[in-house]
Amino acid sequence: MATDIKDTTHALTAAAVMKLLPARPRLLALGEPTHGEDTLLDVRDELFRQLVEQQGYRTIAIESDCLMGLVVDDYVTSGKGTLDEAMERGFSHGFGASAANRDMVRWMREYNDGRPAPERLRFAGIDGPLEITGAASPRQALTALHGYLALHGDAGLLPCTAETLDHLLGADARWTEPAAMMEPSRSAGQSAGARELRLLADDLVALLDEQTPHLIATTSRDDWDRARLYGRTATGLLRYHFWMADTSPSRMTRLVGLRDRMMADNLLAVAERGPALVHAHNAHLQREKSSMRMGGLPLEWWSAGAIVSARLGEEYAFLATALGTIRHHGVDTPPADTLEGLLYALPEDRCVVDASRLKAALGDARPATRVSPYYGYSPFDPSHLDGTDGLVFVKDVPQS
């Protein structure tokens, strides 16, 4: 393919990104095609710094446990705890071991030191307390929500006592049973106690909403927002556990869809407090349906980005990241007839590509889809250009 695309690329800066968009988005989503590579996180961090200093962004939200993320947010906003504690207890999926993530958290704390609260940077995890092998107990979220309402709301309106919750929850090992992902019968999600907990969680969230004016006035907007996070997480986890116990053919589709729905709810909450940079896998942020094979079964579901884009319109923007090589994982120079191959032939090591101009340059001919020899890397699907506001290209990803 001899298409000339050099005029579609720009140096990767916040200013160049903003020129691709009709207006400053409330959520600027930057996807990545693989996890665990600090080079891609360094790109993210430099873009975030520029967005903070030039565009007024104040939050970074990443694909990590939303409850664990509160530990990082407390550290960067108020200095609570230590950097080591924030990295150890504030990230899921092993992301706390990343040197790039550590540099980001350190920079945010230094930036916030001495600044008034409205100007401080915030951190958010957007994933549920979920791993590919299972889900957390709903205990932390449920008891924190109940405790907030008992302390600051009308205790007489609570649907149950803390002791009742504790009894219904039982041992946390019931919820985290590792065999439950592959054996629905090992899940506690459809037990009588779990069904009662879903009703109680719904009542607690409704009570939180009903008492919003009083709760914000007597605590703070941040405390109320945190209680809402507990409520979203409790109801989301209980719903997830319910479907873990399902035996129908749609079970896995429901589970992957529920995870992205939980991410979408967290993203919409982040959007309420002002412009934020979002960083997660491309598959979670794209506007098209996501797909994968699990246990030999093809799965399709609407991603968090697709849900949020439908809600926010132009206030949501998506930049997909594509890359050339990850040689330490066997991903070598991309074939010339792929989109990655076309971009790899350009001289820039890192750039942002104007997706609309790239489509015009390509015309009716779309490049071949690259095939990855490494299961942990997902090449960019050229058919997704229509739903992408820009493409970030990183030529080579050396071993972290």
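How each quantity is defined
Residues numbered from 1 in each chain as written. Predicted model: local features only at pLDDT ≥ 70, side-chain atom pairs only at ≥ 80, totals over all residues. Heavy atoms only, no water. Buried < 20%, exposed > 50% of the residue type's maximum accessible area, 1.4 Å probe, protein only. Helix = DSSP H or I, 4+ residues; strand = E, 2+ residues; numbered from the N terminus. Contact = heavy atoms within 4.5 Å. Pairing = 2+ DSSP bridges. Axes fitted to C-alpha atoms, helices over the stretch in contact; angles between N-to-C directions. 1 Å grid on protein atoms, 1.4 Å probe; cavity = no way out; pocket = protein on both sides within 12 Å on 5 of 7 lines; lining within 4 Å. Points joined across faces, edges and corners; volume = space filled by probe spheres on them. Nonpolar A, V, L, I, M, F, W, Y, C, P; charged D, E, K, R; others polar. Parallel < 35°, antiparallel > 145°, perpendicular 65-115°, else oblique. Left-handed = near helix turned anticlockwise from the far one by under 90°. Arc of directions from axis to C-beta. Core = buried A, V, L, I, M, F, W, Y, C linked by side-chain atoms within 4.5 Å.

K.L.:
Honestly, helix α3 (residues 69-78) in this entry has me stumped. Any pointers?
P.N.:
Counting along an α-helix, one turn takes 3.6 residues, and residues three or four places apart therefore face a common direction. With 8 of 10 residues buried, α3 lies mostly within the body of the structure. Listing the buried residues of α3 in full gives G69, L70, V72, D73, D74, Y75, V76 and T77. Looking at the packing, one finds that the buried side of α3 touches β3 (59-65), α4 (83-89), α5 (99-112), β4 (122-127) and α10 (221-244). One or two steps after α3, the chain reaches G79, where phi turns positive at roughly 80 degrees.

K.L.:
Got a minute to help me understand the sheet that holds strand β1 (residues 9-10) in this structure?
P.N.:
Hydrogen bonds between backbone groups are what pair the strands of a sheet, and the pairing can be parallel or antiparallel. Strand order across the open sheet formed by 8 strands is β1-β11-β12-β10-β2-β7-β3-β4, with mixed pairing between neighbours. Whereas interior strands pair on both sides, the edge strands pair on one side only; in this sheet they are β1 and β4. Bridge count between strand β2 (residues 27-32) and strand β7 (residues 276-281): 6 bridges; the pairing is parallel. Residue pairing for β7: E32 is matched across the bridge by H281. In the packing of helix α2 (residues 38-55) onto the sheet, the strands contacted are β2, β3, β7, β10 (316-325), β11 (350-354) and β12 (390-396), and the crossing angle to β7 comes to about 170 degrees.

K.L.:
Is there a simple way to explain empty space enclosed by the protein in this structure?
P.N.:
Where empty space is left becomes clear once a probe the size of a water molecule has been rolled over the atoms. By the definition in use, this model includes 1 cavity of 30 Å³ or more. Lining of the largest cavity is provided by L30, G31, E32, L40, V43, R44, H279 and T321. When its residues are assigned to classes, the lining of the largest cavity shows 3 nonpolar, 3 polar and 2 charged.

K.L.:
I keep staring at the packing of α2 against α5 and nothing clicks. Help me out?
P.N.:
When two helices pack together, their arrangement is given by the angle between their axes and by how far apart the axes lie. Two elements in contact, α2 and α5, have axes whose closest approach is 8 Å; the angle formed by their N-to-C orientations is 20 degrees. Relative to α5, α2 is oriented roughly parallel. Along this stretch, α2 crosses α5, giving a crossing that reads as right-handed. Along its contact with α2, which presents D38, L41, D42, R44, D45, F48, R49, V52 and E53, the element α5 presents A99, A100, N101, M104, W107, M108 and Y111. Of the residues in the contact of α2 with α5, the class split is 9 nonpolar, 1 polar and 6 charged.

K.L.:
Explanation requested: helix α15 (residues 355-362) in the structure shown.
P.N.:
When we look at burial in α15, the residues that qualify are A355, L358 and L362. The buried side chains of α15 occupy one side of the element, clustering within an arc of 60 degrees when seen end-on. For α15, the secondary structure elements touched by its buried residues are α14 (339-344), β11 and β12. Positive backbone phi, at 65 degrees, marks G363, one or two positions downstream of α15.

K.L.:
How should the nonpolar core be read in this particular structure?
P.N.:
The tendency in soluble globular proteins is for nonpolar side chains to be buried as a group. Grouped together as the largest cluster of nonpolar side chains are 45 residues, with contacts concentrated most on L28, V105, M108 and F123. With 6 residues, α2 is the single largest residue contributor to this core. Every residue in contact with M108, bar those within four places of it in the chain, is listed here: F48, I60, V76, L121, R122 and F123. In this structure, L312, Y316, A320 and A355 belong to the second largest nonpolar core, which totals 37 residues.

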